[in-house]
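# Coordinate inspection notes
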Amino acid sequence: MSQTASTTRQSKAATPAKKAAKATKTAAKTAAKSVAKTVAKAAPKSAAKTTAKTSQGKKSMPAAAVGQDAIALLKDDHKVVEKLFKEFEKAGDSAYAKKRKIVDQVIAELTTHAYIEETLFYPTARKAAPETGEHVLESVEEHHVVAWMMSELKDLDAHDERFDAKMTVLMENVRHHVKEEEQEWFPEVRKAMSRGDLKELGAKMEAAKGKAPADPLKLRSAKS
């Protein structure tokens, strides 16, 4: 047999082997791509599940449960009352029914506000910031005066010549009280208490509003 014939036979014999090797490589690449795609698709789902489990494992308290910042809550109350004051001032001399309604709203708002301050905010503020002690005592005394003025307005006829005068004096007292709180000692309380503590206190104060008395003379300050 010649060398050429032998080489030709070897070449033909090698061809199927090469083809088989190539096919194996192609199959391997295809399998690898398939596995990669499967892993890629599974990864986000797995990550999502992991995140979901982590989130479930560390449940954060809902914002509503934490509550509004105690100082912000009190300031919002102040704004509500001030708005009513302005409505009263704009009502006109002969708007007796309207002014009677506004005064009733003011009494309800201030009584509730004073209640949550006296039962929750003042004791907590005084403990957290002892330097506000004198301010707290003064505020309670101012509540005392306002409570008795509200009790008089509560049963006073809107046609009575003293009605507007008493309401005017009440507004002056409350506005002075609000100014002192917001400008002089609320900032001291905010410095002394953490944001979390203020929010927790705010939630308690909001919940306590439903327990406030309707009669201003039922307030602690009215009895002191």
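What counts as what
Residues numbered from 1 in each chain as written. Predicted model: local features only at pLDDT ≥ 70, side-chain atom pairs only at ≥ 80, totals over all residues. Heavy atoms only, no water. Helix = DSSP H or I, 4+ residues; strand = E, 2+ residues; numbered from the N terminus. Expected span 1.5 Å × (residues − 1). Bend = angle between axes of the 7 residues up to and from the residue. Core = buried A, V, L, I, M, F, W, Y, C linked by side-chain atoms within 4.5 Å. Buried < 20%, exposed > 50% of the residue type's maximum accessible area, 1.4 Å probe, protein only. Contact = heavy atoms within 4.5 Å. Salt bridge = Lys/Arg side-chain N within 4 Å of Asp/Glu carboxyl O. Axes fitted to C-alpha atoms, helices over the stretch in contact; angles between N-to-C directions. Parallel < 35°, antiparallel > 145°, perpendicular 65-115°, else oblique. Left-handed = near helix turned anticlockwise from the far one by under 90°. Nonpolar A, V, L, I, M, F, W, Y, C, P; charged D, E, K, R; others polar. pLDDT = per-residue confidence, 0-100.

## Remarks on helix α4 (residues 96–128)
- Taking 1.5 Å per residue as the helical rise, α4 with its 33 residues ought to reach 48 Å, and the 45 Å between its terminal C-alpha atoms agrees with that figure.
- The largest bend along α4 reaches roughly 45° and is located at Glu-117.

## Digging into the nonpolar core
- One finds Leu-74, Ile-116, Phe-121, Trp-185, Val-189 and Met-205 to be the most contacted residues of the largest nonpolar core, which totals 23 residues.
- The leading source of residues in this core is α4, at six residues.
- Other than its neighbours up to four places away in sequence, Trp-185 contacts Phe-121, Tyr-122, Ala-125, Thr-132, His-135, Val-136, Ser-139 and Glu-180.
- Formed by 21 residues, the second largest nonpolar core is a distinct cluster that contains Leu-84, Ile-102, Leu-156 and Met-167.

## Overview of the pattern of salt bridges
- Taken as a whole and assessed by the stated rule, the structure comprises ten salt bridges.
- The closest approach of N and O atoms between Lys-204 and Glu-200, which form a salt bridge, is 3.9 Å. Separated by four residues within a single helix, Lys-204 and Glu-200 lie in helix α7 (residues 195–208), roughly one turn from each other.
- Residue Lys-204 is classed as partly exposed on the basis of its relative accessible area, which comes to 47%.
- Residue Glu-200 is classed as partly exposed on the basis of its relative accessible area, which comes to 44%.
- Glu-206 serves as the salt-bridge partner of Lys-209, at 4.0 Å between the closest nitrogen and oxygen.

## What about helix α5 (residues 133–154)?
- In this model, α5 (22 residues) spans 31 Å end to end at C-alpha, consistent with the 32 Å of a helix rising 1.5 Å per residue.
- Every buried residue belonging to α5 is among Gly-133, Val-136, Ser-139, Glu-142, His-143, His-144, Val-146, Ala-147, Met-149, Met-150, Ser-151 and Leu-153, and all of these are buried.
- In the core, the buried residues of α5 are packed alongside α4, α6 (161–192) and α8 (220–223).

## Some remarks on the packing of α5 against α6
- Between α5 and α6, whose axes approach to 10 Å, the crossing angle comes to 160°. One element, α5, and the other, α6, form an angle in the roughly antiparallel class. The chirality of how α5 crosses α6 is left-handed.
- Of the residues in the contact of α5 with α6, the class split is twelve nonpolar, six polar and seven charged.

## Notes on the confidence of the model for the protein
- Of the residues in the protein, 70% reach a pLDDT of 70 or more, and the chain-wide mean stands at 81.
- This model gives residues 1–21 a pLDDT under 50, and the stretch forms two contacts once residues within four places in sequence are excluded.

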